[in-house]
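The chain contents come next:
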Amino acid sequence: MKLICFPHAGGFAFYFNFIKQIETLAKEDVFLYEYPGRGYQAREPSAESLMAIAQKAAARIADFVGDEPFCIFGHSMGAFVAYETEVLLEAQHGKQATRLILSGHYGFGSEEELNHYLMNLGGFPEEVKTNLQMFQMLFTLCRDDIRLLEQYRPTCDVVQAETVVLCGDDDAEVGDTEELVLWRESAPILLEVKIFPGTHFYMREQEADFLHYIQKTIEGEKAV
């Protein structure tokens, strides 16, 4: 089994390094996807649209997985990238994820809310929060990603992959968690909506439980 992870707005692939702790996954089978213009894809020009990210991601993932089974996980902005990538994998590459794991979604109404989001990012060294230059770089990436989301218009195409939707129960960016079932309109085989205790970054706050859930989900078992 292979696992592909898409990060949040302003996020880097390394944020999800902790997922490699899942013992049933070989480290080389975990693809932490980096958006263009940052991290190990810093030399690539930044994406002009979320759909451009999905197009390139689908091609890379099709090559990465070959004929092996795979799951896709996307958090926040990454949930939309994951969904659109799965649309393209099914329609253009003849591949279907064993599980499509969509984690939350969000919206920022002001620069103050964006600052709050950035200051509460988990998993980043303290110097990111205290070094003005580093913080400004992160702020710019996040702002540009949010612009992509503001311009994004979902395809609303139906995917056939079995899907689960995750969220934190105190995620201010989501609002009404009951609305998460609306993913069923585009992912009709919605197996579960799982609400974890925690904020937008519940997966780091509940790391052990989250990893257990992901492991069971990709193995096709019910987490208990």
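Parameters and conventions
- Residues numbered from 1 in each chain as written.
- Predicted model: local features only at pLDDT ≥ 70, side-chain atom pairs only at ≥ 80, totals over all residues.
- Heavy atoms only, no water.
- Pairing = 2+ DSSP bridges.
- Helix = DSSP H or I, 4+ residues; strand = E, 2+ residues; numbered from the N terminus.
- Axes fitted to C-alpha atoms, helices over the stretch in contact; angles between N-to-C directions.
- Contact = heavy atoms within 4.5 Å.
- Buried < 20%, exposed > 50% of the residue type's maximum accessible area, 1.4 Å probe, protein only.
- Core = buried A, V, L, I, M, F, W, Y, C linked by side-chain atoms within 4.5 Å.
- Salt bridge = Lys/Arg side-chain N within 4 Å of Asp/Glu carboxyl O.

The strand order across the open sheet built from six strands is β2-β1-β3-β4-β5-β6, with neighbouring strands paired in parallel fashion. The strands lining the two open edges of the sheet, one partner per strand, are β2 (30-32) and β6 (190-196). Neighbour to neighbour, the strand axes of the sheet diverge by 15° on average, direction disregarded. By the bridge criterion, five bridges tie strand β1 (residues 2-6) to strand β3 (residues 70-75) in an arrangement that is parallel. Across the sheet, the residue bridging to I4 is I72, located in β3. Lying on the sheet, helix α1 (residues 50-65) is in contact with β1, β2 and β3; it crosses β1 at an angle near 160°.

What follows deals with the environment of A52. Turning to its location among the elements, A52 is positioned in helix α1. For A52, a relative accessible area of 35% translates into the label partly exposed. Sequence separation of A52 and T85 is 33 residues, and the distance between their C-alpha atoms is 9.9 Å.

Let's shift gears to the nonpolar core. For soluble globular proteins, nonpolar side chains are generally found buried alongside one another. Counting residues in hydrophobic clusters, the biggest one holds 41 residues, and the most contacted among them are I4, F6, I61, I72, M77 and L102. At the level of secondary structure, the elements contributing two or more residues to this core comprise β1, α1, β3, α2 (77-92), β4 (99-103), α5 (132-151) and β5 (163-168). The greatest single-element share of this core, amounting to nine residues, is contributed by α2. Leaving out residues up to four positions away in the same chain, I4 has contacts with F31, I61, F64, V65, F70, C71, I72 and F73. The next biggest cluster of nonpolar side chains, apart from the first, holds 25 residues, and it includes Y15, F73, F196 and M203.

All told, the structure shown has eight salt bridges when counted by the stated rule. Here R38 makes a salt bridge to D145, at a shortest N to O gap of 2.8 Å. Of the two residues, R38 is situated in the loop between β2 and α1 and D145 in helix α5; the sequence distance between them amounts to 107 residues. D145 sits in the buried class, given a relative accessible area of 2%. Among the salt bridges present, the one from R99 reaches E162, with a minimum N-O distance of 2.6 Å. Here R99 is found in strand β4, whereas its partner E162 is found in the loop between α5 and β5, with 63 residues between them in sequence.

Without other data, these values stay purely geometric and don't point to any function.
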